[in-house]
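# A look at the structure
Chain by chain, the residues run as shown.
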Amino acid sequence: MKSKNIIGHITSFLTIFIWGTTFISTKVLLQDFTPVEILMIRFLMGYIALWLVFPHHLKVINPKQNIYFAAAGLCGITLYYLFENIALTYTLASNVGIIVSISPFVTAIFSCIFLKDKRPGIRFIIGFLIAMTGICLISLNGSKSFAISPIGNILAILASIIWAAYSTLVKKISTFGYHIIQTTRLTFFYGILFMLPCCFVLDFNLHVSQFMSITNFFNLLFLGLGASAICFVTWSFSVKTLGVVKTSVYIYMIPVISVIASVLILREPVTLVSVFGISLILLGLFLSESSKKETAPNSPQTSW
(Lines give C-alpha, C1' and ligand atoms only; values in the text may rest on other atoms or scores of the structure.)
Protein backbone atom coordinates (compact mmCIF):
# COMPACT_ATOMS: atom_id res chain seq x y z
CA MET A 1 0.00 0.00 0.00
CA LYS A 2 2.85 2.35 0.84
CA SER A 3 4.50 1.80 -2.56
CA LYS A 4 1.14 2.44 -4.25
CA ASN A 5 0.80 5.73 -2.36
CA ILE A 6 4.28 6.73 -3.53
CA ILE A 7 3.22 6.01 -7.11
CA GLY A 8 0.11 8.11 -6.47
CA HIS A 9 2.24 11.08 -5.39
CA ILE A 10 4.48 10.63 -8.43
CA THR A 11 1.54 10.54 -10.85
CA SER A 12 0.02 13.59 -9.13
CA PHE A 13 3.24 15.56 -9.57
CA LEU A 14 3.73 14.46 -13.19
CA THR A 15 0.13 15.38 -13.98
CA ILE A 16 0.49 18.83 -12.49
CA PHE A 17 3.90 19.24 -14.14
CA ILE A 18 2.34 18.72 -17.57
CA TRP A 19 -0.73 20.85 -16.79
CA GLY A 20 1.55 23.60 -15.50
CA THR A 21 3.28 23.83 -18.90
CA THR A 22 0.16 23.68 -21.07
CA PHE A 23 -0.20 27.46 -20.98
CA ILE A 24 2.80 27.71 -23.31
CA SER A 25 1.23 25.44 -25.93
CA THR A 26 -2.13 27.15 -25.55
CA LYS A 27 -0.52 30.58 -25.90
CA VAL A 28 1.11 29.49 -29.17
CA LEU A 29 -2.07 27.88 -30.54
CA LEU A 30 -4.26 30.90 -29.73
CA GLN A 31 -2.54 32.71 -32.60
CA ASP A 32 -4.36 30.43 -35.07
CA PHE A 33 -7.16 28.77 -33.05
CA THR A 34 -9.98 29.95 -30.82
CA PRO A 35 -10.27 28.56 -27.25
CA VAL A 36 -13.22 26.30 -28.09
CA GLU A 37 -11.40 24.94 -31.16
CA ILE A 38 -8.38 24.03 -29.03
CA LEU A 39 -10.57 22.33 -26.43
CA MET A 40 -12.53 20.29 -28.96
CA ILE A 41 -9.41 19.17 -30.83
CA ARG A 42 -7.40 18.20 -27.73
CA PHE A 43 -10.18 16.12 -26.18
CA LEU A 44 -11.11 14.46 -29.46
CA MET A 45 -7.46 13.48 -29.84
CA GLY A 46 -7.41 12.25 -26.26
CA TYR A 47 -10.61 10.25 -26.75
CA ILE A 48 -9.26 8.54 -29.87
CA ALA A 49 -5.91 7.86 -28.19
CA LEU A 50 -7.61 6.13 -25.24
CA TRP A 51 -9.55 3.91 -27.66
CA LEU A 52 -6.30 2.93 -29.41
CA VAL A 53 -4.55 2.17 -26.12
CA PHE A 54 -7.42 0.14 -24.64
CA PRO A 55 -9.96 -0.82 -27.36
CA HIS A 56 -12.51 -2.41 -25.04
CA HIS A 57 -16.05 -1.14 -24.69
CA LEU A 58 -17.20 -0.22 -21.19
CA LYS A 59 -20.38 -2.04 -20.25
CA VAL A 60 -22.00 0.03 -17.53
CA ILE A 61 -23.60 -2.38 -15.04
CA ASN A 62 -25.98 0.13 -13.51
CA PRO A 63 -27.51 2.66 -15.96
CA LYS A 64 -27.71 5.20 -13.12
CA GLN A 65 -23.89 5.29 -13.09
CA ASN A 66 -24.05 7.09 -16.43
CA ILE A 67 -25.30 10.12 -14.51
CA TYR A 68 -21.94 10.32 -12.72
CA PHE A 69 -20.00 9.93 -15.96
CA ALA A 70 -22.10 12.59 -17.68
CA ALA A 71 -21.71 14.95 -14.70
CA ALA A 72 -17.93 14.39 -14.67
CA GLY A 73 -17.70 15.09 -18.41
CA LEU A 74 -19.82 18.22 -18.06
CA CYS A 75 -17.80 19.55 -15.12
CA GLY A 76 -14.20 18.50 -15.81
CA ILE A 77 -14.15 18.68 -19.60
CA THR A 78 -16.73 21.23 -20.75
CA LEU A 79 -17.61 23.76 -18.05
CA TYR A 80 -14.26 24.05 -16.25
CA TYR A 81 -12.22 24.89 -19.33
CA LEU A 82 -14.88 27.10 -20.89
CA PHE A 83 -15.41 29.08 -17.68
CA GLU A 84 -11.67 29.47 -17.14
CA ASN A 85 -11.03 30.59 -20.73
CA ILE A 86 -13.96 33.01 -20.75
CA ALA A 87 -12.81 34.39 -17.39
CA LEU A 88 -9.45 35.20 -18.96
CA THR A 89 -11.22 37.45 -21.48
CA TYR A 90 -12.81 39.52 -18.69
CA THR A 91 -10.10 39.69 -16.04
CA LEU A 92 -6.36 39.37 -15.56
CA ALA A 93 -4.64 36.00 -15.80
CA SER A 94 -3.22 36.65 -12.32
CA ASN A 95 -6.75 36.96 -10.93
CA VAL A 96 -7.79 33.67 -12.49
CA GLY A 97 -4.63 31.95 -11.27
CA ILE A 98 -5.28 33.01 -7.69
CA ILE A 99 -9.00 32.23 -7.64
CA VAL A 100 -8.78 28.83 -9.34
CA SER A 101 -6.15 27.80 -6.78
CA ILE A 102 -8.82 27.70 -4.05
CA SER A 103 -10.06 24.49 -5.68
CA PRO A 104 -8.29 22.16 -3.17
CA PHE A 105 -10.08 23.88 -0.28
CA VAL A 106 -13.46 23.54 -2.02
CA THR A 107 -12.60 19.92 -2.81
CA ALA A 108 -11.99 19.24 0.89
CA ILE A 109 -15.45 20.64 1.68
CA PHE A 110 -17.10 18.55 -1.05
CA SER A 111 -15.32 15.38 0.12
CA CYS A 112 -16.71 15.93 3.63
CA ILE A 113 -20.25 16.49 2.39
CA PHE A 114 -20.56 13.97 -0.44
CA LEU A 115 -17.89 11.33 0.31
CA LYS A 116 -18.23 11.44 4.10
CA ASP A 117 -14.47 12.00 4.50
CA LYS A 118 -12.98 13.51 7.66
CA ARG A 119 -12.91 17.26 7.96
CA PRO A 120 -9.54 18.78 7.00
CA GLY A 121 -7.30 19.33 10.02
CA ILE A 122 -5.54 22.47 11.16
CA ARG A 123 -2.38 21.55 9.21
CA PHE A 124 -4.42 21.45 6.00
CA ILE A 125 -5.93 24.87 6.72
CA ILE A 126 -2.54 26.42 7.58
CA GLY A 127 -1.00 24.80 4.49
CA PHE A 128 -3.79 26.23 2.35
CA LEU A 129 -3.30 29.75 3.70
CA ILE A 130 0.49 29.61 3.26
CA ALA A 131 0.20 28.21 -0.27
CA MET A 132 -2.38 30.84 -1.24
CA THR A 133 -0.04 33.56 0.04
CA GLY A 134 2.71 32.19 -2.20
CA ILE A 135 0.34 31.94 -5.16
CA CYS A 136 -0.74 35.56 -4.66
CA LEU A 137 2.91 36.69 -4.56
CA ILE A 138 3.67 34.90 -7.83
CA SER A 139 0.46 35.91 -9.59
CA LEU A 140 0.58 39.56 -8.55
CA ASN A 141 4.35 39.93 -9.01
CA GLY A 142 4.76 43.06 -11.10
CA SER A 143 1.07 43.95 -10.85
CA LYS A 144 -0.17 46.87 -8.81
CA SER A 145 -3.29 45.24 -7.46
CA PHE A 146 -5.89 42.53 -7.73
CA ALA A 147 -8.15 43.95 -10.43
CA ILE A 148 -11.85 43.93 -9.61
CA SER A 149 -13.78 42.43 -12.51
CA PRO A 150 -17.04 40.94 -11.24
CA ILE A 151 -17.84 38.80 -14.31
CA GLY A 152 -14.31 37.42 -14.76
CA ASN A 153 -13.76 36.79 -11.06
CA ILE A 154 -17.14 35.10 -10.64
CA LEU A 155 -16.43 32.82 -13.61
CA ALA A 156 -13.05 31.93 -12.09
CA ILE A 157 -14.72 31.09 -8.77
CA LEU A 158 -17.24 28.92 -10.59
CA ALA A 159 -14.38 27.19 -12.43
CA SER A 160 -12.68 26.30 -9.12
CA ILE A 161 -15.95 24.94 -7.71
CA ILE A 162 -16.59 22.96 -10.90
CA TRP A 163 -13.12 21.36 -10.78
CA ALA A 164 -13.69 20.41 -7.14
CA ALA A 165 -16.97 18.81 -8.19
CA TYR A 166 -15.19 16.95 -10.99
CA SER A 167 -12.51 15.56 -8.65
CA THR A 168 -15.20 14.45 -6.20
CA LEU A 169 -17.10 12.72 -9.01
CA VAL A 170 -13.89 10.97 -10.13
CA LYS A 171 -13.46 9.58 -6.61
CA LYS A 172 -17.04 8.29 -6.67
CA ILE A 173 -16.56 6.76 -10.13
CA SER A 174 -13.44 4.95 -8.91
CA THR A 175 -15.68 2.90 -6.59
CA PHE A 176 -17.61 1.39 -9.53
CA GLY A 177 -14.83 -1.12 -10.25
CA TYR A 178 -14.24 -0.31 -13.93
CA HIS A 179 -10.91 0.04 -15.74
CA ILE A 180 -9.54 3.56 -15.28
CA ILE A 181 -8.88 4.12 -18.99
CA GLN A 182 -12.45 3.14 -19.83
CA THR A 183 -13.91 5.49 -17.22
CA THR A 184 -11.72 8.37 -18.41
CA ARG A 185 -12.71 7.72 -22.01
CA LEU A 186 -16.42 7.67 -21.19
CA THR A 187 -15.99 10.93 -19.29
CA PHE A 188 -14.30 12.41 -22.37
CA PHE A 189 -17.22 11.21 -24.50
CA TYR A 190 -19.77 13.08 -22.41
CA GLY A 191 -17.53 16.13 -22.20
CA ILE A 192 -17.22 16.30 -25.99
CA LEU A 193 -20.97 15.73 -26.32
CA PHE A 194 -21.73 18.68 -24.04
CA MET A 195 -19.14 20.78 -25.87
CA LEU A 196 -20.83 20.38 -29.27
CA PRO A 197 -23.54 23.03 -28.66
CA CYS A 198 -20.78 25.48 -27.65
CA CYS A 199 -19.19 25.03 -31.07
CA PHE A 200 -22.31 26.46 -32.70
CA VAL A 201 -22.57 29.37 -30.27
CA LEU A 202 -18.88 30.28 -30.01
CA ASP A 203 -16.32 30.95 -32.73
CA PHE A 204 -15.65 27.50 -34.22
CA ASN A 205 -14.50 27.50 -37.83
CA LEU A 206 -11.57 25.19 -38.55
CA HIS A 207 -9.49 25.30 -41.75
CA VAL A 208 -6.89 22.87 -43.10
CA SER A 209 -4.31 25.67 -43.15
CA GLN A 210 -4.42 25.83 -39.34
CA PHE A 211 -2.95 22.32 -39.15
CA MET A 212 -0.21 22.81 -41.73
CA SER A 213 2.16 24.39 -39.23
CA ILE A 214 4.53 21.89 -37.59
CA THR A 215 4.48 24.04 -34.45
CA ASN A 216 0.70 23.84 -34.24
CA PHE A 217 0.75 20.09 -34.90
CA PHE A 218 3.16 19.28 -32.07
CA ASN A 219 1.44 21.62 -29.62
CA LEU A 220 -1.93 20.02 -30.36
CA LEU A 221 -0.30 16.61 -29.97
CA PHE A 222 1.06 17.64 -26.58
CA LEU A 223 -2.32 18.92 -25.40
CA GLY A 224 -4.28 16.00 -26.84
CA LEU A 225 -2.07 13.08 -25.84
CA GLY A 226 -0.14 14.48 -22.87
CA ALA A 227 -2.38 16.99 -21.13
CA SER A 228 -5.64 15.20 -21.93
CA ALA A 229 -5.33 11.44 -22.55
CA ILE A 230 -2.44 10.74 -20.17
CA CYS A 231 -3.04 13.38 -17.51
CA PHE A 232 -6.74 12.71 -16.96
CA VAL A 233 -5.96 9.02 -16.52
CA THR A 234 -3.12 9.69 -14.07
CA TRP A 235 -5.25 12.24 -12.20
CA SER A 236 -8.01 9.65 -11.78
CA PHE A 237 -5.46 7.10 -10.59
CA SER A 238 -4.06 9.56 -8.05
CA VAL A 239 -7.52 10.47 -6.76
CA LYS A 240 -8.35 6.79 -6.31
CA THR A 241 -5.01 6.03 -4.63
CA LEU A 242 -4.40 9.08 -2.43
CA GLY A 243 -7.89 10.42 -2.03
CA VAL A 244 -9.48 13.47 -3.58
CA VAL A 245 -8.12 16.02 -1.07
CA LYS A 246 -4.48 14.94 -1.03
CA THR A 247 -4.42 14.80 -4.83
CA SER A 248 -6.07 18.20 -5.25
CA VAL A 249 -3.50 20.04 -3.13
CA TYR A 250 -0.97 19.40 -5.89
CA ILE A 251 -2.84 22.12 -7.79
CA TYR A 252 -0.83 24.54 -5.64
CA MET A 253 2.20 23.51 -7.74
CA ILE A 254 0.80 24.80 -11.04
CA PRO A 255 2.03 28.42 -10.53
CA VAL A 256 5.46 27.04 -9.55
CA ILE A 257 5.69 24.94 -12.71
CA SER A 258 4.46 27.89 -14.78
CA VAL A 259 7.17 30.18 -13.39
CA ILE A 260 9.92 27.61 -14.01
CA ALA A 261 8.65 26.91 -17.53
CA SER A 262 8.50 30.65 -18.28
CA VAL A 263 12.11 31.06 -17.19
CA LEU A 264 13.45 28.03 -19.06
CA ILE A 265 11.35 28.17 -22.24
CA LEU A 266 10.18 31.76 -22.63
CA ARG A 267 13.34 33.24 -21.06
CA GLU A 268 11.29 35.40 -18.72
CA PRO A 269 13.19 36.88 -15.74
CA VAL A 270 12.80 35.38 -12.27
CA THR A 271 12.42 37.71 -9.29
CA LEU A 272 13.00 37.37 -5.56
CA VAL A 273 9.27 37.71 -5.03
CA SER A 274 8.68 34.67 -7.26
CA VAL A 275 11.32 32.66 -5.41
CA PHE A 276 9.76 33.56 -2.06
CA GLY A 277 6.31 32.72 -3.40
CA ILE A 278 7.52 29.32 -4.64
CA SER A 279 9.03 28.60 -1.20
CA LEU A 280 5.71 29.38 0.50
CA ILE A 281 3.79 27.18 -1.93
CA LEU A 282 6.12 24.24 -1.33
CA LEU A 283 5.79 24.73 2.44
CA GLY A 284 2.00 24.91 2.16
CA LEU A 285 1.97 21.78 -0.01
CA PHE A 286 4.08 19.91 2.55
CA LEU A 287 1.80 20.89 5.44
CA SER A 288 -1.35 19.98 3.52
CA GLU A 289 0.04 16.61 2.42
CA SER A 290 1.26 15.74 5.91
CA SER A 291 -2.18 16.23 7.45
CA LYS A 292 -4.17 13.23 8.60
CA LYS A 293 -5.09 10.79 5.87
CA GLU A 294 -8.63 11.20 4.61
CA THR A 295 -10.97 8.28 4.82
CA ALA A 296 -11.97 6.54 1.65
CA PRO A 297 -15.33 4.98 0.96
CA ASN A 298 -15.36 1.21 0.83
CA SER A 299 -14.96 0.23 -2.76
CA PRO A 300 -14.06 -2.76 -4.93
CA GLN A 301 -10.54 -2.89 -6.30
CA THR A 302 -10.33 -1.32 -9.73
CA SER A 303 -7.85 -2.42 -12.38
CA TRP A 304 -5.13 -0.18 -13.73
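One can find the structure itself at the top, above this paragraph.
Because the structure is predicted, anything quoted here is derived from the model rather than measured. (Residues numbered from 1 in each chain as written. Predicted model: local features only at pLDDT ≥ 70, side-chain atom pairs only at ≥ 80, totals over all residues. Heavy atoms only, no water.)

## Observations concerning the state of the cysteines
Applying the stated criterion across every chain yields a total of zero disulfides. With no disulfide of its own, Cys75 lies 13 Å from the sulfur of Cys198, the closest cysteine sulfur. Looking at Cys75, the relative accessible area reads 14%, which means it is buried. (Disulfide = S-S within 2.5 Å. Buried < 20%, exposed > 50% of the residue type's maximum accessible area, 1.4 Å probe, protein only.)

## Description of helix α12 (residues 272-289)
Taking 1.5 Å per residue as the helical rise, α12 with its 18 residues ought to reach 26 Å, and the 26 Å between its terminal C-alpha atoms agrees with that figure. Along α12, the positions that sit buried rather than exposed are Ser274, Gly277, Ile278, Leu280, Ile281, Gly284, Leu285, Leu287, Ser288 and Glu289. The inward-facing, buried residues of α12 contact α1 (2-29), α6 (122-139), α10 (244-248) and α11 (254-264). (Helix = DSSP H or I, 4+ residues; strand = E, 2+ residues; numbered from the N terminus. Expected span 1.5 Å × (residues − 1). Contact = heavy atoms within 4.5 Å.)

## A word on the packing of α1 against helix α9 (residues 214-242)
Each pair of packed helices gets described by two things: the angle between the helix axes and the distance between those axes. The geometry of α1 relative to α9 is characterised by a closest axis approach of 8 Å and an angle of 150° between their N-to-C directions. It follows from the interaxial angle that α1 and α9 lie roughly antiparallel. Crossing handedness for the pair α1 and α9: left-handed. (Axes fitted to C-alpha atoms, helices over the stretch in contact; angles between N-to-C directions. Parallel < 35°, antiparallel > 145°, perpendicular 65-115°, else oblique. Left-handed = near helix turned anticlockwise from the far one by under 90°.)

## Things to note about the packing of α6 against α12
Where α6 meets α12, the closest approach of the two axes is 7 Å, and the angle between their N-to-C directions is 160°. By the angle between their axes, α6 is roughly antiparallel relative to α12. α6 and α12 meet at a crossing whose hand is left-handed. Taken together, the residues of α12 that come into contact with α6 (itself represented by Arg123, Phe124, Ile126, Gly127, Phe128, Ile130, Ala131, Thr133, Gly134, Ile135, Leu137 and Ile138) are Val273, Ser274, Phe276, Gly277, Ile278, Leu280, Ile281, Leu283, Gly284, Phe286, Leu287 and Ser288.

## Describing the packing of aromatic side chains
Considering all chains together, one arrives at 25 aromatic pairs under this definition. Here Phe43 and Phe232 contribute two aromatic rings whose centre-to-centre distance is 5.6 Å and whose plane-to-plane angle is 75°, an arrangement assigned as edge-to-face. Placement of Phe43 in helix α2 (residues 35-53) and of Phe232 in helix α9 is noted, with a sequence separation of 189 residues between them. For the pair shown, Phe43 and Phe232 are each scored as buried. (Phe/Tyr/Trp six-rings, centres within 6.5 Å; stacked < 30°, edge-to-face > 60°.)

## A word on the environment of Gly224
For Gly224, the location among the structural elements is in helix α9. Spatially, the C-alpha atom of Gly224 lies 21 Å from that of Ile10, the residues being 214 residues apart in sequence. When near neighbours in sequence (up to four residues on either side) are disregarded, Gly224 contacts Arg42, Met45, Gly46 and Ala229.

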